[in-house]
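# Structure assessment
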Amino acid sequence: MHIVRLSYRVPPMPGGMERHVDCLTREQLSRGHRVTMAFRHGSAAPGATQLSLRKTALSRALAPRSDRTAFAAEAATSVRQLYGGSRSPNVDLLHLHGDHVEAMWLGPVCRRLGIPLFLTVHGRLSVRRQRLARHSFQHVDAFIALGSGTAADLVTCGVRERCILTMSSGLELSRMPPAAGARDRERGLIVSVGTLDPVKNHSLVIEAFHELARSRPGLRLVIAGEGPERDRLAQLAAAGPGVELAGALSRQEVYRLVRRAEVFVLASRRLPGKGEGVPTAALEALALGTPVVVSSDASLDPVVTVPEAYRVFRSGVKAELVTTLRTLLDDESGRSRMSELGRRAAAELDWSVVAGRVEEWYRAVLKQRPASG
């Protein structure tokens, strides 16, 4: 199968979507598929070919307002030229990673050329762009939604449920250390991982920690990540002892940190312009045996089907987060049970399994597509 994959950014650029694209591409290459990649920032995965993009008068006009839109316009031109050349590339499908921006430009091209178009949406959609998204998604054959919230947003934009596969990113379990036991954990250590961005709502975690720490001296909160909110979060952290902003860490450093924690917490919230899909950092914490607490806007549904495997508090409600953390820190047997259930759930999310689900979705959609015209 020849897959053309398009993503604005790919590794070594950091980010969850970038890593998802890289891991899926590598897994598909290992399965014998041919993958051609188009991107603006990063480099092609080993074994993949790169679709060269050229600036056009249109893309130059679009770039000052949105380089991502300019990239999508250039990619649409390149796909049209690739498929219309004297030597047919025998493209089986085009797989976008993004949202309505990419679909708006690639959808009409794929429809005219007869190329099946798949779109993976990695997070919640902008509530301000629903009308535009509804129009842009008309030419997409099938969707992959990371998380039930993302799938619900697609349905709101007019996408039929039967056209959506809801899942999560995979985990590179072979590259992760084994889950830690109770003796390996630092008593009172709470960890969060994520870009220092408003959507992650690290400020809520810091405020909840300060409240909790007033009656529990010796607690520590370590937040791994870098981003635009660092200065503001540093000011909040300075309001009391025990908070460390660790900055950007390597993947192995993150694993070691999370593995030592008694609790992993992610307080992400839904903003008008964006929101979480299924946070991979929380899934990795489950794999490492660390009890996980997430907000209702960072739900692991429908990926983790056992509700006892993690705890949920209402997004933005500091009192609920404080109570959840306090209860969990006092419940050693509960943490042990969560650790066991979390490891079992994560074992089903290796990239080899997740890539297999994507491939099954490809085949199911392609099988039905000729009958639908």
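The notes below deal with the structure included here. (Residues numbered from 1 in each chain as written. Predicted model: local features only at pLDDT ≥ 70, side-chain atom pairs only at ≥ 80, totals over all residues. Heavy atoms only, no water.)

## Some points on helix α7 (residues 202–213)
The end-to-end C-alpha separation of α7 is 16 Å, in line with the 16 Å expected for 12 residues at 1.5 Å each. Among the 12 residues of α7, 10 are classified as buried, and the element is accordingly described as predominantly covered. Burial in α7 covers these residues: His202, Ser203, Leu204, Val205, Ile206, Ala208, Phe209, His210, Leu212 and Ala213. (Helix = DSSP H or I, 4+ residues; strand = E, 2+ residues; numbered from the N terminus. Expected span 1.5 Å × (residues − 1). Buried < 20%, exposed > 50% of the residue type's maximum accessible area, 1.4 Å probe, protein only.)

## Points about the environment of Val306
Here Val306 lies in the loop between β12 (292–295) and β13 (311–313). For Val306, a relative accessible area of 33% translates into the label partly exposed. The spacing of Val306 and Pro46 is 260 residues in sequence and 37 Å in space, taken between C-alpha atoms.

## As for the sheet that holds β12
Strand-to-strand pairing in sheets goes through backbone hydrogen bonds, with the strands running parallel or antiparallel. One open sheet accounts for 6 strands, arranged β10-β9-β8-β11-β12-β13; its pairing is parallel. The open sheet has two edge strands, β10 (243–247) and β13, and neither has a second partner. Going from strand to strand, the sheet's axes swing by 25° on average, the running direction of each strand aside. Contacts from helix α11 (residues 318–329) reach β8 (189–193), β11 (263–266), β12 and β13 within the one sheet, and its direction differs from that of β13 by about 155°. (Pairing = 2+ DSSP bridges. Axes fitted to C-alpha atoms, helices over the stretch in contact; angles between N-to-C directions. Contact = heavy atoms within 4.5 Å.)

## Some points on the nonpolar core
Ranked by size, the top nonpolar core spans 33 residues in total, and within it Val191, Val258, Phe264, Leu283, Val292, Leu300 and Val304 carry the most contacts. Only β8, β9 (220–224), α9 (251–260), β11, α10 (280–287), β12 and α12 (332–346) provide two or more residues apiece to this core. Tallying contributions element by element places α10 first for this core, with 5 residues. If we ignore the near neighbours within four places in the chain, the residues touching Phe264 are Val191, Ser192, Val193, Val258, Ala281, Ala282, Ala285, Thr290, Pro291, Val292 and Val293. Ranked by size, the runner-up nonpolar core spans 32 residues in total, among them Ala75, Val79, Ala133 and Ile164. (Core = buried A, V, L, I, M, F, W, Y, C linked by side-chain atoms within 4.5 Å.)

## Focus: the pattern of salt bridges
Counted by the stated rule, this structure contains 28 salt bridges. A salt bridge links Asp153 to Arg124; its shortest N-O distance comes to 2.8 Å. You can see Asp153 sitting in helix α6 (residues 148–156) and its partner Arg124 sitting in the loop between β5 (117–121) and α5 (130–136), a full 29 residues away along the chain. In this structure, the salt-bridge partner of Asp153 is Arg270, at a minimum N-O distance of 3.1 Å. Taken together, the positions of Asp153 in helix α6 and Arg270 in the loop between β11 and α10 put the pair 117 residues apart, joining distant regions of the chain. Of the residues examined, Asp153 reaches a relative accessible area of 11% and is grouped as buried. The network of salt bridges with common partners includes Arg19, Glu172, Arg175, Arg251 and Glu284. (Salt bridge = Lys/Arg side-chain N within 4 Å of Asp/Glu carboxyl O.)

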